[in-house]
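Given next are the chains, with one letter for each unit.
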Amino acid sequence: QVQLVESGGGLVQAGGSLRLSCAASGRTFSRYAMGWFRQAPGKERELVAAISWSGRSTYYADSVNGRFTIDRDNVKNTVYLQMNSLKPDDTAVYYCAAAPTVVVTTRLDDYDSWGQGTQVTVSS
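Just so it is clear, the model here is predicted, and its values are computed rather than measured.

Q: I would appreciate a short explanation of the overall build of the chain in the present structure.
A: Each helix and strand counted, the chain has 0 helices and 11 strands in total. Against the 2.2 N^0.38 benchmark of 14 Å for 124 residues, the chain shows a C-alpha radius of gyration of 13 Å, consistent with a compact globule. Expressed along its principal axes, the backbone C-alpha trace of the chain runs to roughly 40 × 25 × 25 Å. Partitioning the contacts of the chain with sequence separation of at least 6, the portion at a separation of at least 24 is 60%. Of the accessible surface of the chain, which amounts to about 6,400 Å², a share of 46% is contributed by carbon and sulfur atoms. Both charge centroids of the chain, one from 12 positive and one from 11 negative side chains, sit 6 Å from each other.

Q: Please explain the pairing of strand β11 (residues 118-123) as it appears in this structure.
A: Across a regular strand the side chains alternate sides, sitting on one face of the sheet and then on the other. Residue alternation in β11 divides its side chains into a buried set, Thr118, Val120 and Val122, and an unburied set, Gln119, Thr121 and Ser123. Pairing of strand β2 (residues 10-13) with β11, which is carried by 4 bridges, proceeds in the parallel orientation. In the strand pairing of β11, Val12 is matched with Val122. With 3 bridges connecting them, strand β9 (residues 92-99) and β11 associate as antiparallel partners. Pairing of Val93 across the sheet is with Gln119, part of β11.

Q: Would you mind showing me how to read the pattern of salt bridges here?
A: Opposite charge on two side chains permits pairing when their charged atoms draw close. Going through the model one piece at a time under the given rule, you end up with 5 salt bridges. Where Arg19 meets Asp71, a salt bridge forms, and the shortest distance between an N and an O atom there is 3.9 Å. Remark: Asp71 occurs in strand β7 (residues 68-73) and Arg19 occurs in strand β3 (residues 18-25); sequence separation between them is 52 residues. We note a salt bridge from Asp90 to Arg67, for which the minimum N-O separation is 2.8 Å. Residue Asp90 is found in the loop between β8 (78-83) and β9, and its partner Arg67 is found in the loop between β6 (58-60) and β7; the two are separated by 23 residues along the sequence. Given a relative accessible area of 2%, Asp90 falls into the buried group. The class of Arg67 is buried, set by a relative accessible area of 11%.

Q: What exactly am I supposed to notice about a nonpolar patch on the surface here?
A: Nonpolar side chains collect at one region of the surface, where Trp53, Val102 and Val103 lie side by side and expose about 260 Å² of accessible area between them. When its relative accessible area of 35% is taken as the criterion, Trp53 is described as partly exposed.

Q: What should I look at first to understand the packing of aromatic side chains in this one?
A: To describe a pair of aromatic rings, one takes the distance between the centres and the angle between the planes. Scanning the entire structure with this criterion turns up 3 aromatic pairs. Ring plane angle 55° and centroid distance 4.8 Å describe the contact between Phe37 and Trp114, whose orientation is recorded as tilted. Linking Phe37 in strand β4 (residues 33-39) with Trp114 in strand β10 (residues 113-114), this pair joins segments that are 77 residues apart in sequence. For Phe37, a relative accessible area of 1% puts it in the buried group. Overall, Trp114 belongs to the partly exposed group, its relative accessible area being 28%. Relative to Trp114, the ring of Tyr111 has its centre 6.4 Å away and its plane inclined at 55°; by these criteria the two rings are tilted. A relative accessible area of 5% means that Tyr111 is categorised as buried. Members of the aromatic cluster, each reached through a chain of ring pairs, are Phe37, Tyr111 and Trp114. Taking the ring centre of Tyr80 as reference, the NZ or CZ of Arg19 above it sits at 4.3 Å. Sitting over the face of the ring of Trp114, Arg45 holds its NZ or CZ atom 4.8 Å from the ring centroid.

What counts and what doesn't
Residues numbered from 1 in each chain as written. Predicted model: local features only at pLDDT ≥ 70, side-chain atom pairs only at ≥ 80, totals over all residues. Heavy atoms only, no water. Helix = DSSP H or I, 4+ residues; strand = E, 2+ residues; numbered from the N terminus. Rg over C-alpha atoms; globule rule 2.2 N^0.38 Å. Contact = heavy atoms within 4.5 Å. Areas by Shrake-Rupley, 256 points an atom, 1.4 Å probe, with all protein chains shown as cover. Lys, Arg positive; Asp, Glu negative; His and termini not counted. Charge placed at Lys NZ, Arg CZ, Asp CG, Glu CD. Buried < 20%, exposed > 50% of the residue type's maximum accessible area, 1.4 Å probe, protein only. Pairing = 2+ DSSP bridges. Salt bridge = Lys/Arg side-chain N within 4 Å of Asp/Glu carboxyl O. Patch = residues over 30% accessible without salt bridge, like charges linked within 9 Å, V, L, I, M, F, W, Y side chains within 5 Å. Phe/Tyr/Trp six-rings, centres within 6.5 Å; stacked < 30°, edge-to-face > 60°. Lys NZ or Arg CZ within 6 Å of the ring centre and 35° of its normal.

Purely geometric numbers; function is a separate question.
Rendered as structure tokens:
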């Protein structure tokens, strides 16, 4: 497993942008696929975006496709989520997670390491 720490959340107006970061510890970060999930009050945790170990393959949920971008820096052991054109429906706690596989995965059960989460609040 890897240890993950998210940062970059906050309060933003609708239409604004935020960039989340997730710093990972451990020498095998590049062997993990990474994902960003979110969970709003009363709702299930959902996958927002995922990226393969190399960064060449990505996945986006339909609700964020075209607005969010996931990328990673395997030298800095960090994965990012750039969020543009934010909407009130994007309000949630955002979690990064790591899966011990090199390919993109959308399966929640594949992710075995989780950060503590960072709050994103979008006001209307």
